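Examination of the molecular architecture
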Amino acid sequence: MIHTSERFADRLESPSDHIQQEDLEQLAHDPSIPFAMLEGKTVFVTGATGLLGSQVVKALACSNRVLGTGIQIVAFVRSVQKAKQVFGDLLERGDVQLVTGDISKPPVYEGSVDYIIHGASATSSKYFVSHPVETILTAVNGTHHILAFAKEKQAAGVLYLSSLEVYGTPAEDAGMIEESYSGYIDPLSVRSSYSEGKRMAECLCASFVSEYGVPVKMARLSQTFGAGVDYDDGRVFAEFARCAMEKKDIVLHTEGKTVRSYCYTKDAVAAMLFILLKGEAGAAYNVTNMQTRISIADMAQLVCDTFPESGIRTTFDTPKDVASFGYNPQMVIALDASKLAALGWKPTVGLREMFVRMAASMRAGRPGDGGGPAS
């Protein structure tokens with residue numbers, strides 16, 4: 001077990017992105033997060049080069065350096081080259097191990113595993129529409145492989161990263177959405193491949209709890225952004241920030257009336273650890289900052305107002321083939337995160353600061369700005 005920080009002192013977790021490094025340090029120093037429960041344990045992370053997967057790997061590594069927790073982190077990745085870009089010199093410390101594979105096949109790892117965080121998933125709305133079969137199979141078959149792996153390893157805890165999309169389109173009078181709510185999803189829409197895939201994967205998790213006693217918990221994440229988002233990320237929040245940095249007007253391809261709440265990356269990582277270590281097996285937990293509820297159009301205007309030096313404005317251009325963009329139906333969906341808060345979690349970053357910190361982090365990874373790829 002690692003007792004001193006000197007071994008890791010010259011290798012920070014995100015040296016090229018001071019915003020993300022600051023977030024990681026804050027997580028490690030947060031006394032409410034139960035890092036001590038992971039002392040000397042092995043944590044297996046799928047989707048480890050994705051936004052949240054990479055951040056939880058780095059957060060655990062930061063805990064090792066700052067707190068001496070001695071966690072062995074196993075990052076399950078498809079591409080070693082991408083993993084080296086994301087983690088850099090962190091891989092030379094010895095507390096992060098890469099295992100290559102694809103969740104379309106059972107993972108191969110000979111060592112013991114105490115905890116698993118399963119974050120590998122399709123993430124692009126356009127991909128959901130262009131590759132709906134692969135989207136479904138990644139969710140269902142991939143999750144089955146990980147749950148069987150957890151059963152074999154007799155893991156003490158498993159976290160499945162789900163999505164607010166399991167609620168589909170809520171009724172207009174739904175109000176705050178608790179975990180017991182079930183909205184409407186059209187099974188004949190190919191865009192539902194992601195939503196239905198997540199629902200089926202959750203049912204599979206609950207089934208492994210019931211039939212085999214595998215201690216799986218589920219995090220239903222709202223859209224999450226902040227430090228660590230790549231400069232070329234195609235999701236709406238990154239597009240808005242990129243428009244501000246490039247001084248280009250924000251162009252909306254819908255009326256922007258959909259209302260959601262959001263969560264900052266650091267807060268989402270903290271929530272994941274709370275659910276993994278303190279959550280109830282077979283239970284799902286909404287992960288969102290309930291104070292960030294806003295429409296897409298208002299969020300676009302917020303970005304314009306937050307970065308006045310960019311001189312940008314919001315415009316609307318709705319194409320005839322809007323369905324090809326893979327957007328969800330227009331809706332109002334406000335998640336209730338009270339169940340998660342009861343575990344001791346609370347959000348720390350509001351919407352405006354989320355954009356400010358994300359933009360600063362994206363600049364660190366912008367080509368020509370002196371930083372490597374945003375980690």
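See the structure above.
Moving on, we come to the pattern of salt bridges. Opposite charge on two side chains makes pairing possible when the charged atoms of those side chains draw close. All chains considered together, the criterion is met by 14 salt bridges. Glu-92 is the salt-bridge partner of Arg-11, the closest N and O atoms lying 2.9 Å from each other. Of this pair, Arg-11 sits in the segment before helix 1 (18-28) while Glu-92 sits in the loop between helix 3 (80-87) and strand 3 (96-100), placing them 81 residues apart in sequence. Relative accessible area serves as the criterion here: at 25%, Arg-11 is assigned to the partly exposed category. Measuring nitrogen to oxygen at the nearest pair gives 3.0 Å for the salt bridge that ties Arg-191 to Glu-165. Of the two residues, Arg-191 is situated in the loop between strand 6 (176-177) and helix 6 (192-212) and Glu-165 in the loop between strand 5 (157-163) and strand 6; the sequence distance between them amounts to 26 residues. Residue classification places Arg-191 among the buried positions, given a relative accessible area of 9%. Given a relative accessible area of 12%, Glu-165 falls into the buried group. When salt bridges that share partners are traced, they join Glu-13, Glu-25, Arg-65, Arg-93 and Asp-95 into one network.

This part takes up the pairing of strand 4 (residues 115-118). Residue alternation in strand 4 divides its side chains into two sets, Tyr-115 and Ile-117 and Ile-116 and His-118, and both sets are buried. By the bridge criterion, four bridges tie strand 1 (residues 42-46) to strand 4 in an arrangement that is parallel. Looking at the pairing, Val-45 lines up with Ile-117 of strand 4.

For Gln-154, which is not glycine, the phi dihedral falls at a positive 55°. Tracing the chain through its elements places Gln-154 in the loop between helix 5 (132-153) and strand 5. At Lys-247, a position not held by glycine, the phi torsion is positive, near 55°. Mapped onto the secondary structure, Lys-247 falls in the loop between helix 7 (236-246) and strand 9 (250-252).

The strand order across the open sheet formed by seven strands is 3-2-1-4-5-7-11, and the pairing between neighbours is parallel. A strand with exactly one partner marks an edge of an open sheet, and here the two such strands are strand 3 and strand 11 (284-287). The mean angle between the axes of side-by-side strands here comes to 20°, regardless of whether they run parallel or antiparallel. The pairing of strand 4 with strand 5 spans four bridges and is parallel. Following the sheet pairing, Ile-116 is matched in strand 5 by Val-158.

Running from N to C, helix 5 and helix 6 cross one another at 20°; their axes reach a closest spacing of 8 Å. Considered as vectors, helix 5 and helix 6 are oriented roughly parallel to each other. Where helix 5 crosses over helix 6, the handedness of that crossing is right-handed. The segment helix 5 lies against helix 6, with Pro-132, Thr-135, Ile-136, Ala-139, Val-140, Thr-143, His-144, Leu-147, Ala-148 and Lys-151 engaging Ser-193, Tyr-194, Gly-197, Lys-198, Met-200, Ala-201, Leu-204, Cys-205, Phe-208 and Tyr-212. Residues belonging to the contact of helix 5 with helix 6 are distributed by class as follows: 13 nonpolar, five polar and two charged.

Let us look at the packing of aromatic side chains. On inspection of all chains with the given rule, the structure shows nine aromatic pairs. Residues Phe-44 and Tyr-109 carry aromatic rings whose centres are separated by 6.0 Å and whose planes lie at 55° to one another, so their mutual orientation is tilted. Here the residue Phe-44 occupies a position in strand 1, and Tyr-109 occupies one in the loop between strand 3 and strand 4, the gap between them amounting to 65 residues. Residue Phe-44 is classed as buried on the basis of its relative accessible area, which comes to 0%. Classification of Tyr-109 as buried rests on a relative accessible area of 14%. Ring geometry for Phe-208 against Tyr-212: centres 5.1 Å apart, planes inclined by 55°, an arrangement best described as tilted. Of the two residues, Phe-208 and Tyr-212 both sit in helix 6, four residues apart, roughly one turn of that helix.

Spatially, 8-10-12 is the arrangement adopted by the three strands of the open sheet, whose pairing is mixed. Each of the sheet's edge strands pairs with one partner strand only, and the pair in question is strand 8 (223-225) and strand 12 (289-295). Going from strand to strand, the sheet's axes swing by 45° on average, the running direction of each strand aside. In terms of strand pairing, strand 8 meets strand 10 (residues 259-264) through three bridges, oriented parallel. Looking across to strand 10, one finds that Thr-224 is bridged to Cys-263. Contacts from helix 11 (residues 351-364) reach strand 8, strand 10 and strand 12 within the one sheet, and its direction differs from that of strand 10 by about 55°.

Analysis parameters
Residues numbered from 1 in each chain as written. Predicted model: local features only at pLDDT ≥ 70, side-chain atom pairs only at ≥ 80, totals over all residues. Heavy atoms only, no water. Salt bridge = Lys/Arg side-chain N within 4 Å of Asp/Glu carboxyl O. Helix = DSSP H or I, 4+ residues; strand = E, 2+ residues; numbered from the N terminus. Buried < 20%, exposed > 50% of the residue type's maximum accessible area, 1.4 Å probe, protein only. Pairing = 2+ DSSP bridges. Axes fitted to C-alpha atoms, helices over the stretch in contact; angles between N-to-C directions. Parallel < 35°, antiparallel > 145°, perpendicular 65-115°, else oblique. Left-handed = near helix turned anticlockwise from the far one by under 90°. Contact = heavy atoms within 4.5 Å. Nonpolar A, V, L, I, M, F, W, Y, C, P; charged D, E, K, R; others polar. Phe/Tyr/Trp six-rings, centres within 6.5 Å; stacked < 30°, edge-to-face > 60°.

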